[in-house]
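# Residue-level structural notes
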Amino acid sequence: MTPATELPVGRPGRPVVMGVVNVTPDSFSDGGAWFQPGDALAHGRALRGQGADVLDVGGESTRPGAERPSEAEELRRVLPVVEGLAGLGPVSIDTMRASVAAAALDVGATLVNDVSGGLADPDMVPLVAERGVPFIAMHWRGHSAGMQERAVYDDVVADVCRELAERAEALVAAGVAPQRLVLDPGFGFAKTAEHNWQLLRRLEEVLALGHPVLVGTSRKAFLGKVGREPGAERPPLERDVATAVTTAHAARLGAWCVRVHDVVAAVDALDVVAALGGDAS
Ligand code: PMM
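Attention here is on the structure that accompanies the text.

Calculation criteria
- Residues numbered from 1 in each chain as written.
- Predicted model: local features only at pLDDT ≥ 70, side-chain atom pairs only at ≥ 80, totals over all residues.
- Heavy atoms only, no water.
- Near = heavy atom within 4 Å.
- Polar contact = N/O pair within 3.5 Å; in protein donor to acceptor, adjacent residues only side chain to side chain.
- Areas by Shrake-Rupley, 256 points an atom, 1.4 Å probe, with all protein chains shown as cover.
- Helix = DSSP H or I, 4+ residues; strand = E, 2+ residues; numbered from the N terminus.
- Nonpolar A, V, L, I, M, F, W, Y, C, P; charged D, E, K, R; others polar.
- Axes fitted to C-alpha atoms, helices over the stretch in contact; angles between N-to-C directions.
- Parallel < 35°, antiparallel > 145°, perpendicular 65-115°, else oblique.
- Left-handed = near helix turned anticlockwise from the far one by under 90°.
- Contact = heavy atoms within 4.5 Å.
- Buried < 20%, exposed > 50% of the residue type's maximum accessible area, 1.4 Å probe, protein only.
- Pairing = 2+ DSSP bridges.
- Right-handed = clockwise from strand over helix to strand, strands pointing away.
- Lys, Arg positive; Asp, Glu negative; His and termini not counted.
- Salt bridge = Lys/Arg side-chain N within 4 Å of Asp/Glu carboxyl O.

So, about the site of the ligand. Close contacts around the ligand come from 18 residues, with Ser-29, Asn-113, Asp-184, Lys-220 and Arg-259 the closest. Contacts to the ligand include Asn-22, whose side-chain N or O atom sits 3.1 Å from an oxygen atom. With respect to the ligand, the side chain of Asp-94 contributes an N or O atom lying 2.9 Å from a nitrogen atom. Burial of the ligand by the surrounding chains reaches 97%, relative to a free accessible area of 410 Å². Mapped by element, the contributors of at least two residues to the shell around the ligand are strand E1 (16-22) and strand E5 (135-138). For the shell around the ligand, the per-class residue count stands at seven nonpolar, seven polar and four charged.

Have a look at this one:
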């Protein structure tokens, strides 16, 4: 299959809805519900039917403190799922390994989503440049084991924007086309709850970097803490209403894409934002 080289678009006037398909035994957000390839395929098809514009298939849990799977295990998890879903529409491969990205592109993925922004594997950026596929580069300060120790900033929004701008410059210099480069502030990655709120409040500063922006707040811990006492946080599966609100906020500010687990809620939220803007279709 020839990879698509342009960024997918959402429904008119709405951001792209990226539905999460985690083929992991230990993701924080769904606890391994889709670990078997058949279950992951059925889940991806369901998300597509609910209105996901892109499906994001990942085989490595990035929750704080997570152990990395071997390369062989990651390939075993994701390839049948990417291949099975690719005929239905755009699929992104969520990986930090160039070998996994290359194999996924070979079986039909058309975007690469790398939470390390190309920093974890020196072969990733040359691969993406050579294949000419869109690249989602997230703000990253190191692997999940120990990442919260790196949540130290002077001004989190200014610091994240500066680090993202430096990354974007390096990626473009290495041959990634600027119009295919998506930036993501990396909610929950080396960030405290307050850092995440500041990044959401001041999302315009990330958008001002001049690249499409992906917002991935879905079910993250800071949404479980809001309005709750310590020890009484909402569990991940009860964070979809809060996620719908951050989805609406991101849409109003002009995000290119929202990465979500609950596609039904995201589509509803985006329709409400569109209606408020005069498009009640
Ligand atoms: N978050 C997770 C995984 N992949 N990719 C991008 N670009 N942005 C994110 O915020 C992001 C990501 C966290 O894990 P999950 O798949 O369990 O939600």
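What follows picks up the thread again.
Where helix H2 (residues 71-86) meets helix H3 (residues 98-106), the axes come as close as 10 Å, and the angle between the chain directions of the two elements is 20°. With respect to each other, H2 and H3 are oriented roughly parallel. Relative to H3, the crossing made by H2 is right-handed. Along its contact with H2, which presents Glu-71, Glu-74, Leu-75, Val-78, Leu-79 and Val-82, the element H3 presents Ser-99, Val-100, Ala-103 and Ala-104. Looking at side-chain class alone, the contact of H2 with H3 contains seven nonpolar, one polar and two charged residues.

A few words on H3. Residues that lie three or four places apart on an α-helix share one face, since the helix turns once every 3.6 residues. In terms of residue burial, H3 counts as a mostly covered element, since seven of its nine residues are buried. Among all positions of H3, only Ala-98, Val-100, Ala-101, Ala-102, Ala-103, Ala-104 and Leu-105 are buried. Summarising the contacts, the buried residues of H3 are in contact with H2, strand E3 (91-94), strand E4 (111-114) and helix H4 (124-131). Two residues or fewer after H3 comes Gly-108, characterised by a positive phi angle close to 120°.

What follows is about the pairing of E3. Two faces make up the sheet, and in a regular strand the side chains alternate between them. Residues Val-91 and Ile-93 line one face of E3 and the alternating positions Ser-92 and Asp-94 line the opposite face, and both faces are buried. Relative to E3, strand E2 (residues 54-58) is paired through four bridges, and the arrangement is parallel. Bridging from a neighbouring strand, Leu-55 pairs with Val-91 of E3. Direction of pairing for E3 relative to E4: parallel, over a ladder of three bridges. In the strand pairing of E4, Ser-92 is matched with Leu-111. In the classification by handedness, the crossover that spans E3, the intervening H3 and the parallel E4 is right-handed.

Now for the sheet that holds strand E8 (residues 257-260). Spatial strand order, E6-E5-E4-E3-E2-E1-E8-E7: eight strands in an open sheet with parallel pairing. Looking at the sheet topology across the chains shown, the edges are occupied by strand E6 (181-184) and strand E7 (214-215).

Turning our attention to the side chain of Asp-114. Among the structural elements, Asp-114 can be located in strand E4. Buried charge without a partner: Asp-114 forms no salt bridge, and the closest opposite charge is Arg-167, 7.1 Å away. Beyond its immediate sequence surroundings of up to four residues, Asp-114 is in contact with Thr-95, Met-96, Met-124, Phe-135, Ile-136, Ala-137 and Met-138.

Glancing now at the packing of helix H1 (residues 37-50) against H2. Following both chains from N to C, one finds H1 and H2 inclined at 35°, their axes separated by 9 Å at the closest point. In this structure, H1 crosses over H2, and the sense of that crossing is right-handed. Facing Pro-37, Ala-40, Leu-41, Gly-44, Arg-45 and Arg-48 of H1, the residues of H2 in contact are Pro-80, Val-81, Gly-84 and Leu-85. Here the contact of H1 with H2 is composed, by residue class, of six nonpolar, two polar and two charged.

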